[in-house]
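So the chains spell out like this:
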Amino acid sequence: MKNFILFAFLLLSFSNYAQIKGTISDEKGNPLPFVSIFEENTYNSTTSNEQGKYQLNVKEIGKNKIIFQYLGFKAQKLTVPSSASLYTLDVKLLEENFTLNEVIINPKDNPANDIIRSAIANKKDNSEKTGRYTADFYSKGMFKIKDLPKKIMGLKVDIGDEMASNLDSTGTGVLYLSETISKITFEKPDNLKEKIIASKISGNNKGYSYNTASLSTYDFYNNTLKFGVRMISPIADNAFNYYKYKLEGTFFDENNQQINKIKVIPKRDKEPVFEGYIYIIDDSFAIYAIDLDIKGYRIKNELTQIMNLKQSFSYNPKNKLWAKNAQSLSFTAGAFGVQFTGKFNYVYTNYEFPDSFEKKTFTNEIVSFETNANKKDDSYWNSIRPIPLTIEESTDYIKKDSLQTIRTSRKYTDSIDTKNNKFNFFDILLGHEHKNTFEKYSFKYNGLFDLSALSFNTVQGFNIGTGFSYKNWNEEKGKETSISTAINYGFSDERLRITGEFKHTFNHQNYATIFASGGTKISQFNNSEPISNFINSVSSLFFKDNYMKVYNLEFAQLAYTQNVANGITIGAKVAYEQRKPLFNTTDYSFFNKDDFYSSNNPLAPNDFVNSPFEKHHLVKANLNTRISFGNKYISRPDGKYNIKNEKYPTLSLGYEKALAASEKKYEFDLISAAVRYDLTLGNKGLLGINIKAGKFFNAENIAFMDYKHFNGNQTHIGQADRYLNVFNLLPYYTNSTNDSYFEVHMEHNDNGYIMNKIPLLNKLKSTLNIGFHSLEIPNTKPYSEFTVGLDNLGFGKFRMFRIDYVHSYQNGIQQNGVVFGLKFLNILE
């Protein structure tokens, strides 16, 4: 009986709609993609696919007037007389005859400029007309790869057996195909609520698509649009500073409204500007359509060659509103001869424009999923999908969905694992991983030649490391457990050190995680580790500058973190630590063999006998919290995904207490706070601010490693993308304190706003960085430094360099220096 009722319900629901479908082509029979199709006097619309095929769902068929609108072609309005539930309507569109009145165009009297000025003057009114709405939303996205080689720069390209099977013999194929159906509620400037009804990923019936309305909202009525950098809208308030315009013609739409086709021409090539066409309605000066290109170097993304954004708007005579009904975003990118292409299509239908929303309509949850949103069958998608699948897309779904059953079977996964798990002699040196995909666990051995664990310091000399790890996971429940051990051996001090760690994440809703670790290791006095093993090794072996200062740490600790509320994370840790002093054991270097290394005493570089502390032990307890104000999030059945709200700062608070020490003098209390804020200055760049402060109590005689140390830099090499947590010329331990401290880091990246306008220098495609850093501690004059430099430097598509000039000042002593940013070192680390 239940099955009969369900069947009757489905039958009734399918009978409540009808479908008009067909193919749209030009006079020569060439298919036309991205044709806007909508029912007259409604916001019921769709668009054609790359093969010109379309399907439009309507409540009923019979005397429907369907409008076909395509840039460069005359709009057609056709009546559908049939009352059948399915009607085929093929359409041929004729090229538009653009007209341009005979005018004398000169720089002082350009008709395009007058139209753009009117569009700018009226954009607030036009924007507000559609500033509040609900709508049905559909998205479809696809990524493809072309010509993936077997090797790149002599290294074998390994993308996995499953991914490789999607490609043909030339290394070409579809990497990703996904669709979503959702209902959206929107209010300008940025209030959004989206409920995803259906989600489909080719070859993955357990996954959830990331195609959302929040990631595809591009509003040209705003002054800027975010594409990595802030792009200038062709009708921004200051648009004439960036663009020239040319009126290429006019035509009349199906409602006899005059449309102006205006070519958008950048004034300067390296600016964050669009180029292409914007179509403006002559009467209201609203946007009729968008067809604009975005070049990769203009958004500081050299791997992207070009992006194209199309938007189409439809008019409803009943409420006299122009609303976006379709959008398409496509791109090409690549490197090393490999080309990636992608295309995302979006359709907005069934608009409603309420006068207001209830107060609690919008919350910090911007996207949610219906239960079983990823379980909709093919009949559902075939009935509701507004854009028909192309042959390539249909083939990809059929192929991957049929293979999914095979690939997730134990027989298949075991066969793949058996192949990949084969052990050979070189695995002893290079490492080996044993994986059981079906049971969801893996063992890993890092190998004796683990280059990431090879380094040099004056205490251990050359030291190597290896390790073992075990991991198991459950994606659906968000659980993950890992157990690992790290083994390190120093050849000069002839000592083996071993640490172990246990980590368990309970879920991906509040991300409750417990950590336990212990063992013996060497640790820098500044536990923020301001100098990396790689940089210290190079600095020591090549220049005999051993800036890293370390001590021996034997420890056992237990920690726990959890999101307790939206945007609020707490963490707690308790640790037992025994600290022992260490001394240099080697004087080896590649060069400058007659020079001497400094001692391992950070307070006395020439004292090779005494240590800055005595052997001792204590217990340390930490409690900290991080608050991201206005935090947004996406709720999915498999987890909660936080999204930082750029309007608000992030606040961190901490309390640390040392107790149960071997001597009372080592005990102390420390309270600390930090504020991190990124202020977007429109198209003028990004201002980063990081402010820290703290105060010690009862800490007059604490051990030196418990002092507050500051991230200095004496190597003149920078590794971070941004210098918001480092003093570029400050020695590592000269300002360490056990009292109070206050530090400020500020850095403004112009994102090319200034550099793009300077002749010759704009060819570097760089960005200008201006920074200020200050540190205050008691009984010492403040340390300050000012920086100016260029970022986004490099060659061709690879821009991983930065250079800064730094001027510092403290106690009447001024220093000048240059810091070379090598951001690729982050990958090596």
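See the structure shown above.
Residues numbered from 1 in each chain as written. Predicted model: local features only at pLDDT ≥ 70, side-chain atom pairs only at ≥ 80, totals over all residues. Heavy atoms only, no water.

Colleague: Would you explain the nonpolar core in this entry?
Modeller: Generally speaking, nonpolar side chains in soluble globular proteins are found buried as a group. One finds F227, Y243, I262 and F274 to be the most contacted residues of the largest nonpolar core, which totals 47 residues. Considering each element in turn, this core owes the most residues, six residues, to strand β19 (residues 287-295). Dropping the residues within four chain positions of it, I262 is found in contact with A112, I115, I116, Y245, K246, L247, G276, Y277, I278 and I280. Grouped together as the second largest cluster of nonpolar side chains are 27 residues, F525, I531, F668 and A703 included. (Core = buried A, V, L, I, M, F, W, Y, C linked by side-chain atoms within 4.5 Å. Buried < 20%, exposed > 50% of the residue type's maximum accessible area, 1.4 Å probe, protein only. Helix = DSSP H or I, 4+ residues; strand = E, 2+ residues; numbered from the N terminus. Contact = heavy atoms within 4.5 Å.)

Colleague: When you look at the side chain of T361 in this model, what are you seeing that I'm missing?
Modeller: Assignment of secondary structure puts T361 in the loop between β22 (338-352) and β23 (365-369). One polar contact links the side chain of T361 to the main-chain carbonyl oxygen of E358, over a distance of 2.8 Å. With residues up to four places along the chain from it excluded, the contact list for T361 reads T185 and K193. (Polar contact = N/O pair within 3.5 Å; in protein donor to acceptor, adjacent residues only side chain to side chain.)

Colleague: Looking at this structure, how should I read the sheet that holds strand β5 (residues 64-69)?
Modeller: Backbone-to-backbone hydrogen bonds pair the strands of a sheet. The strands run either parallel or antiparallel. Across the sheet, which stays open at both edges, the four strands sit in the order β3-β2-β5-β6 with antiparallel pairing between neighbours. For this open sheet the edge positions go to β3 (45-47) and β6 (76-80), each flanked by a neighbour on one side alone. Taking the axes of each pair of neighbouring strands and ignoring which way they run, one obtains an average angle of 20° across the sheet. With three bridges connecting them, strand β2 (residues 36-39) and β3 associate as antiparallel partners. For S36, the partnering residue across the bridge sits in β3 and is T47. (Pairing = 2+ DSSP bridges. Axes fitted to C-alpha atoms, helices over the stretch in contact; angles between N-to-C directions.)

Colleague: Please explain the side chain of N421 as it appears in this structure.
Modeller: Note on placement: N421 falls in the loop between α6 (410-420) and α7 (427-430). By relative accessible area, N421 is classed as buried at 13%. Setting aside anything within four residues of it in sequence, one finds N421 in contact with H432, E433, H434 and K435.

Colleague: Mind showing me how you'd approach unusual backbone geometry here?
Modeller: Comment: phi is negative for the bulk of residues other than glycine, and the bulk of peptide bonds are trans. Omega for the bond connecting K188 with P189 falls within 30 degrees of zero, at 10°, which places this linkage in the cis form. Along the chain, P189 turns up in the loop between β12 (173-187) and β13 (191-201). For N41, which is not a glycine, the phi torsion comes out positive at approximately 65°. Counting through the fold element by element, N41 comes out in the loop between β2 and β3. Taking the relative accessible area as the measure of exposure, N41 reaches 28% and is therefore partly exposed. Located in the positive-phi region is K765, a residue other than glycine, with phi close to 60°. Along the chain, the position of K765 falls in the loop between β40 (740-749) and β41 (767-776). A relative accessible area of 19% places K765 in the buried class.

Colleague: Would you explain the packing of aromatic side chains in this entry?
Modeller: Two descriptors summarise a pair of aromatic rings, namely the distance from one centre to the other and the angle between the planes of the rings. Inspection of the entire model under this criterion finds 52 aromatic pairs. Ring geometry for F143 against F344: centres 5.5 Å apart, planes inclined by 75°, an arrangement best described as edge-to-face. Separated by 201 residues along the polypeptide, F143 in strand β9 (residues 132-146) and F344 in strand β22 bring together distant segments of the chain. Exposure remark for F143: the relative accessible area of 29% places this residue in the partly exposed category. (Phe/Tyr/Trp six-rings, centres within 6.5 Å; stacked < 30°, edge-to-face > 60°.)

Colleague: Explain the pattern of salt bridges to me, please; I cannot follow it from the model alone.
Modeller: Any two side chains of opposite charge can pair, given that their charged atoms come close. This structure, assessed with the given rule, holds 45 salt bridges. Its salt-bridge partner being E40, residue K77 comes within 2.7 Å of it at the nearest N-O pair. Residue K77 is found in strand β6, and its partner E40 is found in the loop between β2 and β3; the two are separated by 37 residues along the sequence. For E40, a relative accessible area of 18% corresponds to the buried category. Among the salt bridges present, the one from K757 reaches E271, with a minimum N-O distance of 3.1 Å. (Salt bridge = Lys/Arg side-chain N within 4 Å of Asp/Glu carboxyl O.)

Colleague: Just checking my understanding: could you explain the environment of T390 for this structure?
Modeller: With respect to the secondary-structure elements, T390 resides in the loop between α4 (378-384) and α5 (391-407). Sequence spacing of T390 and L724 is 334 residues, and the spatial spacing of their C-alpha atoms is 48 Å. Ignoring any residue separated from it by four or fewer positions in sequence, one finds T390 in contact with N49, E50 and Q51.

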